[in-house]
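Residue strings, one per chain:
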Amino acid sequence: MDIEDYKLEDLPNEDLRLVAENCGLETAIKLLTFMPGRTIHVLVTSDGAKPGDLLLLWNEYAAKAGLCFANKMTAPRMRNCRARLKERRLDEWEEVFKKIIANPFLTGKNKDGWRASFDWIIKNDNNSQKVLDGFYDRKKAGHATGSAYDKYRK
């Protein structure tokens, strides 16, 4: 069976998903020779992005702002990345990451020194939307106050 004969949605188990995402579909197919009767599926979003692409993009932007790198694609990260890539394309994620590194609060300039992390941004669908909506932005004169960020501005 050729690679083209396989469906691109989900692998039969987490280990093979990780192999396919990090090492490629061909390697995962080779591993399946030891698992006859199984069909390989790999998640590919509408723009062709894979969970590993999201992690690499985060690391590119994290390096620019001194944020923590995501060094390993774990099973929970894989699940969260898959869910987040269903919500927005990779180029939209790049916009989220640009806003994060331009935001003092999200890069640690707050009273607790808290910084955004890869796990925080992919944890749910709310965190990235709040970033895009300006929830963590510094309030300018004439704007309403009362956001979660305001208590850290003092």
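Above this text is the structure in question.
Predicted model, so just to flag it, every value in this text is computed and none were measured.

**Looking at the overall build of the protein chain**
Step number 1: Check the secondary structure of the protein chain and you find 7 helices and 0 strands.
Step number 2: When the helices and strands of the protein chain are read in sequence order from the N terminus, they spell out α-α-α-α-α-α-α.
Step number 3: Across the 154 residues of the protein chain, 40% fall into the buried class.
Step number 4: Long-range contacts, defined here as pairs at least 24 residues apart, represent 62% of the contacts in the protein chain between residues at least 6 apart.
Step number 5: Accessible surface computed for the protein chain: about 8,900 Å², of which carbon and sulfur atoms make up 49%.

**Re the packing of aromatic side chains**
Step number 1: In total, this model carries 9 aromatic pairs according to the counting rule given.
Step number 2: Where F135 meets Y136, the ring centres are 5.0 Å apart and the plane angle is 85°; that geometry is what we call edge-to-face.
Step number 3: Owing to a relative accessible area of 10%, Y136 belongs among the buried residues under this scheme.
Step number 4: Grouping aromatic residues by their ring pairs yields a cluster made of W58, Y61, W93, F97 and F118.
Step number 5: Here K64 stacks its cationic end above the ring of Y61, 4.2 Å away from the centre of that ring.
Step number 6: A cation over a ring is seen here: R88 above W93, with NZ or CZ 5.3 Å from the ring centre.

**Some details on the side chain of N110**
Step number 1: Its place among the elements puts N110 in the loop between helix 5 (90-101) and helix 6 (118-122).
Step number 2: According to the relative accessible area criterion, N110 is buried, its value standing at 11%.
Step number 3: In terms of polar contacts, N110 uses its side chain to reach the backbone carbonyl oxygen of W114, at 2.8 Å.

**Details of helix 5**
Step number 1: The terminal C-alpha atoms of helix 5, which comprises 12 residues, lie 17 Å apart, in line with the 16 Å expected from a rise of 1.5 Å per residue.
Step number 2: Within the span of helix 5, buried status applies to W93, V96, F97 and I100. Seen end-on, helix 5 carries its buried residues on one side only, within an arc spanning 95°.
Step number 3: Structurally, helix 5 contributes buried residues whose contacts are with helix 3 (51-65), helix 4 (75-87), helix 6 and helix 7 (125-133).

**Re the packing of helix 5 against helix 7**
Step number 1: Contact pair helix 5 / helix 7: the axes reach a minimum separation of 9 Å and the direction vectors enclose 65°. Accordingly, the angle class assigned to the pair helix 5 and helix 7 is roughly perpendicular. The element helix 5 and its partner helix 7 pack so that their crossing is left-handed. Counting all contacts with helix 5, which are made through W93, E95, V96, K99 and I100, the residues of helix 7 involved are S128, V131 and L132.

**A short note on the packing of helix 3 against helix 5**
Step number 1: With their axes 10 Å apart at the nearest point, helix 3 and helix 5 run at an angle of 20° to one another. The orientation of helix 3 relative to helix 5 falls into the category roughly parallel. Relative to helix 5, the crossing made by helix 3 is right-handed. Contact residues: D53, L54, L57, W58, Y61, K64 and A65 in helix 3; L90, W93, E94, F97, K98, I100 and I101 in helix 5.
Step number 2: The residue inventory of the contact of helix 3 with helix 5, partitioned by class, reads 10 nonpolar, no polar and 4 charged.

**Some words on the side chain of N103**
Step number 1: Structurally, the position occupied by N103 is in the loop between helix 5 and helix 6.
Step number 2: Within the local environment of N103, its side chain forms a polar contact with the side chain of D137, the two groups lying 3.1 Å apart.
Step number 3: Once residues within four sequence positions are removed from consideration, N103 is found in contact with Y136 and D137.

About the thresholds
- Residues numbered from 1 in each chain as written.
- Predicted model: local features only at pLDDT ≥ 70, side-chain atom pairs only at ≥ 80, totals over all residues.
- Heavy atoms only, no water.
- Helix = DSSP H or I, 4+ residues; strand = E, 2+ residues; numbered from the N terminus.
- Buried < 20%, exposed > 50% of the residue type's maximum accessible area, 1.4 Å probe, protein only.
- Contact = heavy atoms within 4.5 Å.
- Areas by Shrake-Rupley, 256 points an atom, 1.4 Å probe, with all protein chains shown as cover.
- Phe/Tyr/Trp six-rings, centres within 6.5 Å; stacked < 30°, edge-to-face > 60°.
- Lys NZ or Arg CZ within 6 Å of the ring centre and 35° of its normal.
- Polar contact = N/O pair within 3.5 Å; in protein donor to acceptor, adjacent residues only side chain to side chain.
- Expected span 1.5 Å × (residues − 1).
- Arc of directions from axis to C-beta.
- Axes fitted to C-alpha atoms, helices over the stretch in contact; angles between N-to-C directions.
- Parallel < 35°, antiparallel > 145°, perpendicular 65-115°, else oblique.
- Left-handed = near helix turned anticlockwise from the far one by under 90°.
- Nonpolar A, V, L, I, M, F, W, Y, C, P; charged D, E, K, R; others polar.

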